[in-house]
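Descriptive analysis of the structure
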Amino acid sequence: MKTVAEIFTEINSHNLSTQQLKGLIDSIQSMIEGKAKATLYVGQEVYVVQRTKRTLGVIEKINSTRCLVQMPNGKYQVPMGMLEAA
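In this report, we go over the structure that sits alongside the text. Model, not experiment: these values are computed from the prediction.

Thresholds, definitions, all that
Residues numbered from 1 in each chain as written. Predicted model: local features only at pLDDT ≥ 70, side-chain atom pairs only at ≥ 80, totals over all residues. Heavy atoms only, no water. Helix = DSSP H or I, 4+ residues; strand = E, 2+ residues; numbered from the N terminus. Rg over C-alpha atoms; globule rule 2.2 N^0.38 Å. Buried < 20%, exposed > 50% of the residue type's maximum accessible area, 1.4 Å probe, protein only. Contact = heavy atoms within 4.5 Å. Areas by Shrake-Rupley, 256 points an atom, 1.4 Å probe, with all protein chains shown as cover. Pairing = 2+ DSSP bridges. Axes fitted to C-alpha atoms, helices over the stretch in contact; angles between N-to-C directions. Phe/Tyr/Trp six-rings, centres within 6.5 Å; stacked < 30°, edge-to-face > 60°. Lys NZ or Arg CZ within 6 Å of the ring centre and 35° of its normal.

1. Quick notes on the overall build of the protein
A tally of regular secondary structure across the protein gives 2 helices and 5 strands. The linear arrangement of helices and strands in the protein, starting from the amino end, is α-α-β-β-β-β-β. Computed over its C-alpha atoms, the radius of gyration of the protein comes to 16 Å, more than 25% above the 12 Å expected for a compact globule of 86 residues. Within the protein, the fraction of its 86 residues that count as buried is 17%. In the protein, of all internal contacts separated by at least 6 residues, the share reaching a separation of at least 24 is 30%. Put simply, the protein shows about 6,500 Å² of open surface, and 57% of that area lies on carbon and sulfur atoms.

As structure tokens, this is what we get:
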């Protein structure tokens, strides 16, 4: 398996267009959400990960791309890519 640095170097060496990079980013996000979706279940405690903080919550419902999460300050529809098991 390659490290992030090796992947970064490989991407830089291929001079990808903006459209190709956007496609790559979409593919990576899809893989992350797929992996997250396979491990999530209703009632699970999770962290909602944002840039500068992590907030604890409980999954109440799982939809195709987002989960309804009960957090201390209300319920929110959160993308699966932002969830991390507590």
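2. Here we look at the sheet that holds strand β2 (residues 54-62)
Taking strand neighbours across the sheet as the criterion, the 5 strands line up as β4-β3-β2-β1-β5 in an open arrangement whose pairing is antiparallel. Taken across any chain shown, the strands that pair with only one partner, and hence form the sheet edges, are β4 (74-79) and β5 (83-85). Averaged over all pairs of adjacent strands, the angle between strand axes in this sheet comes to 45°, irrespective of strand direction. Taken together, the 5 bridges between strand β1 (residues 45-49) and β2 define a ladder with antiparallel strand orientation. Across the sheet, residue E45 finds its bridge partner in β2, namely V58.

3. What about the packing of aromatic side chains?
What the rule picks out here adds up to 0 aromatic pairs. The positively charged end of R54 is found above the aromatic ring belonging to Y47, 4.0 Å away from the centroid.

4. Some details on the pairing of β2
Here β1 hands over to β2 after 4 residues, the two strands then running antiparallel side by side. Two strands pair when backbone bridges link them, and β2 and strand β3 (residues 66-71) are joined in this way by 4 bridges, in the antiparallel orientation. Within the sheet, the bridge partner assigned to V58 lies in β3 and is Q70. Taken together, β2 and the strand that follows it, β3, pair antiparallel across an intervening segment of 3 residues.

Purely spatial values, then, with no claim about function.
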